[in-house]
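So you can see what is in the structure, the chains are spelled out below.
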Amino acid sequence: MRPAEFCVHKPGLILKGVIFMAVRIVIGAQWGDEAKAKVVDYLAKEADIVVRFGGGANAGHTVVVNGEKFVFHLVPAGIVHPDKVCVIGNGTVIDPAALLSEMEELKSRGISFEGRLFISQNAHLVMPYHKLLDRVEEAVRSEDAEGGGRIGTTGRGIGPCYRDKINRTTGIRIVDLLDREILREKLLQNIREKNQLLTKLYDHDKMDEEKIIEEYLAFDKQIDPFVKDASVYLNDAIDAGKSVLFEGAQGTLLDVDHGTYPYVTSSNTTAGGACTGTGVGPTKIDEVIGVAKAYTTRVGYGPFPTELTDDLGERIRKIAQEFGATTGRSRRCGWFDALVVRFSARVNGLSSLAVTRLDVLDTLDHLQICTAYRYQGKVLQHFPSDVRILEQCEPIYETLEGWKAPTTRIRRLQDLPDNARRYLDRISALAKTPISLISVGPDREETILVDG
Ligand code: IMP
Ligand code: MG
């Protein structure tokens, strides 16, 4: 919408309403739940391969096709397109039980996987002890007064699994699942160690080692047909001119390095994670699209300067049905924060923005956009990476008139109400990033492609 002058690196490859074949990363530009899967599903029309590169079953990716709703946790959202291949990269953490049950459910709805789903041999496995420790550790934290220390994790074992990966000696990878001897040995050692932690530190019951070993040894035959050297597969495909779409999970502000640490997830959710999480080098990437809601939400704890804790926040939550797709928790809602999205544009090198859920704001009289923060009497233009500063920041708002008209049926930028266009223009200018796509409803078709 604001063409080249705001482009960070190169003009986007969505031009004149046409999505060009490319290698493209789609990333969350806020705190997750930006409707990335809807954007991935839309762009997947022109892709050959859709790839998850980070996170695990903590993600909840919702796609609506002709009114039918699909929620994905580990399987890439591209699987709803019958002609696409999907890959789960090495940067993810895979709970095999969760993956197989997700696949069973999708199979019952007519989705096939044979020859269409590949899993990197280097992805790490989420084990029952990771899930248990995730919950036990969070429960201990929550004993602190005023919620101090709580992260509000999804309880899917993500943090403990990535911890074992980084620890090296305790991590178990997909490749280990295929070697029964090694798996037994590693599991035995790990479960004994975790049982020490559980009983001595957390006063919790032990886990039954033989039961877990028996359950996990049985996964080998079910997972084996899907295992591949994903780096070789993806690079060969890119070299052969195939179009690849990287599907980010969570959001930039939940990145373990760049996010609002410690209130983050345990992986690199930013664009760089697509490279390290798949074995595809940065020179192969053509475009990075940041997905941002037309307002802001967050699940779990941690600072959120533009949060609306009043009736309006509740109203937005109700209109938008802001409840977690994985945990069902209420999402915290607030105004669009331009500092957050400008920060995302920087750390991801965004080529363009996809602004989603514009229709949620259709009935509001006035809209506010946070343009800067006030901190100890000073005005901050940049999102501070230190949460202790962020916690004390007060948003400085600019007020815009609402458009008070339904937008869901609109398919062309020029047909949007003037005030909606003004709002989008302002977002784009403040984020210093052009807008390439606007979503006006959950369905695949409820999308506006912006002419370059
Ligand atoms: P974990 O990823 O389960 O360890 O949770 C860490 C933080 O990230 C918590 O605040 C979660 O609510 C948040 N989180 C994890 N996955 C998602 C997601 O897919 N969408 C939004 N928030 C998420
Ligand atoms: Mg989600």
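Residues numbered from 1 in each chain as written. Chains lettered and ligands numbered in written order. Predicted model: local features only at pLDDT ≥ 70, side-chain atom pairs only at ≥ 80, totals over all residues. Heavy atoms only, no water.

Draft legend 1. Local environment of the domain arrangement of the protein. The domains assigned to the protein are domain 1 (14-119 + 229-449) and domain 2 (124-225). Placing a centre on the C-alpha atoms of domain 1 and another on those of domain 2 gives a separation of 29 Å. Contact with domain 1, which involves 27 residues of that partner, is made by 21 residues of domain 2. Taking both partners together, domain 1 and domain 2 bury about 2,000 Å²; carbon and sulfur atoms supply 62% of that area. Of all residues in domain 1, Val93, Pro96 and Tyr301 bury the most surface against domain 2, accounting for 28% of the area lost on that side. Between the two partners, domain 1 and domain 2, sit one salt bridge. Close ionic contact of lysine 131 with aspartate 95 constitutes a salt bridge, the shortest N to O distance being 2.7 Å. Our enumeration of links across domain 1 and domain 2 arrives at ten residue pairs in polar contact (both at pLDDT 80 or more). Within the residue set of the side of domain 1 that touches domain 2, elements represented by two or more residues are β8 (93-94) and α2 (96-108). (Domains from an automatic or database assignment. Contact = heavy atoms within 4.5 Å. Buried area = accessible area lost by both parts, 1.4 Å probe. Salt bridge = Lys/Arg side-chain N within 4 Å of Asp/Glu carboxyl O. Polar contact = N/O pair within 3.5 Å; in protein donor to acceptor, adjacent residues only side chain to side chain. Helix = DSSP H or I, 4+ residues; strand = E, 2+ residues; numbered from the N terminus.)

Draft legend 2. Quick look at the pattern of salt bridges. By the definition in use, this model includes 28 salt bridges. One salt bridge connects arginine 141 with glutamate 137, and the closest N-O pair in it is separated by 3.9 Å. Within this pair, arginine 141 and its partner glutamate 137 are both found in helix α3 (residues 128-141), separated by four residues, close to a single helical turn. Residue arginine 141 is classed as partly exposed on the basis of its relative accessible area, which comes to 24%. (Buried < 20%, exposed > 50% of the residue type's maximum accessible area, 1.4 Å probe, protein only.)

Draft legend 3. Focus on the site of ligand 1. Around ligand 1, the structure places 15 residues, and the nearest of them are Asp33, Asn58, Thr154, Thr265 and Arg329. Note that an oxygen atom of ligand 1 is positioned 3.1 Å from one of the backbone N or O atoms of valine 299. Within the side chain of arginine 329, one N or O atom sits 2.9 Å away from an oxygen atom of ligand 1. Out of a free accessible area of 470 Å², ligand 1 has 97% covered by protein chains. (Near = heavy atom within 4 Å. Areas by Shrake-Rupley, 256 points an atom, 1.4 Å probe, with all protein chains shown as cover.)

Draft legend 4. Here's a closer look at the sheet that holds strand β11 (residues 227-228). Across the sheet, ten strands lie side by side as β11-β9-β7-β4-β12-β3-β13-β17-β21-β22; this open sheet has mixed pairing. The strands lining the two open edges of the sheet, one partner per strand, are β11 and β22 (447-449). Here strand β21 (residues 435-439) pairs with β22 via three bridges, running antiparallel. Note that in β22 the partner of isoleucine 438 across the bridge is isoleucine 448. Those strands touched by helix α14 (residues 418-431) are β17 (352-356) and β21, and its axis lies near 140 degrees from that of β17. (Pairing = 2+ DSSP bridges. Axes fitted to C-alpha atoms, helices over the stretch in contact; angles between N-to-C directions.)

Draft legend 5. Region of the structure containing the confidence of the model for the protein. Considering every residue of the protein, the mean pLDDT works out to 93; 94% of them sit at 70 or more. For residues 1-11, every residue scores under 50 in pLDDT, and the model assigns this stretch 24 contacts once sequence neighbours within four places are set aside. (pLDDT = per-residue confidence, 0-100.)

Draft legend 6. Geometry of the packing of helix α6 (residues 180-201) against helix α7 (residues 209-217). Close contact between α6 and α7 brings their axes to 10 Å; oriented N to C, the two are set at 150 degrees. Both α6 and α7 take part in a crossing whose hand is right-handed. Across the interface between the two elements, Arg180, Leu183, Arg184, Leu187, Leu188, Ile191 and Arg192 from α6 touch Glu209, Glu210, Ile212, Ile213, Tyr216 and Leu217 from α7. The class makeup of the residues in the contact of α6 with α7 is eight nonpolar, no polar and five charged. (Left-handed = near helix turned anticlockwise from the far one by under 90°. Nonpolar A, V, L, I, M, F, W, Y, C, P; charged D, E, K, R; others polar.)

Draft legend 7. Looking closely at the packing of aromatic side chains. Evaluation of the coordinates by the stated rule reveals eight aromatic pairs. A ring pair is formed by phenylalanine 70 and phenylalanine 72, whose centres lie 6.3 Å apart and whose planes are at 5 degrees; its orientation type is stacked. Here the aromatic rings of tyrosine 216 and phenylalanine 219 are separated by 4.9 Å at their centres, their planes lie at 80 degrees, and the arrangement is edge-to-face. A residue is classified by how much of its surface remains accessible, and tyrosine 216, at 1% relative accessible area, is buried. Stacked on the ring of tyrosine 42, the Lys or Arg lysine 45 has its end atom at 3.9 Å from the ring centre. A cation sits over an aromatic face here: arginine 109 above phenylalanine 70, 4.2 Å from the ring centre. (Phe/Tyr/Trp six-rings, centres within 6.5 Å; stacked < 30°, edge-to-face > 60°. Lys NZ or Arg CZ within 6 Å of the ring centre and 35° of its normal.)

Draft legend 8. Geometry of the coordination of the magnesium ion (ligand 2). Protein-derived coordination of the magnesium ion (ligand 2) comes from Asp33 (OD) and Gly60 (O), at a distance range of 2.1 to 2.6 Å. Here aspartate 33 is found in the loop between β3 (23-28) and α1 (36-43), whereas its partner glycine 60 is found in the loop between β4 (49-52) and β5 (61-65), with 27 residues between them in sequence. When its relative accessible area of 24% is taken as the criterion, aspartate 33 is described as partly exposed. (Donors = N, O, S within 2.8 Å, 3.2 Å for Na, K, Ca; no water.)

Draft legend 9. Seen up close, the environment of cysteine 275. Along the chain, cysteine 275 falls in helix α10 (residues 272-276). Along the chain, cysteine 275 and lysine 318 lie 43 residues apart, while their C-alpha atoms are 37 Å from each other. Those residues in contact with cysteine 275 that lie beyond four places of it in its chain are Val280, Gly281, Pro282 and Ile285.

Draft legend 10. Spotlight on unusual backbone geometry. Omega for the peptide link from tyrosine 261 to proline 262 comes to 10 degrees, which places this bond in the cis form. Despite not being glycine, alanine 35 shows a phi value in the positive range, around 75 degrees. Note on placement: alanine 35 falls in the loop between β3 and α1. Taking the relative accessible area as the measure of exposure, alanine 35 reaches 26% and is therefore partly exposed. The phi angle at lysine 404 is positive, at roughly 45 degrees, despite the residue not being glycine. Its location among the elements puts lysine 404 in the loop between β20 (394-401) and α14.

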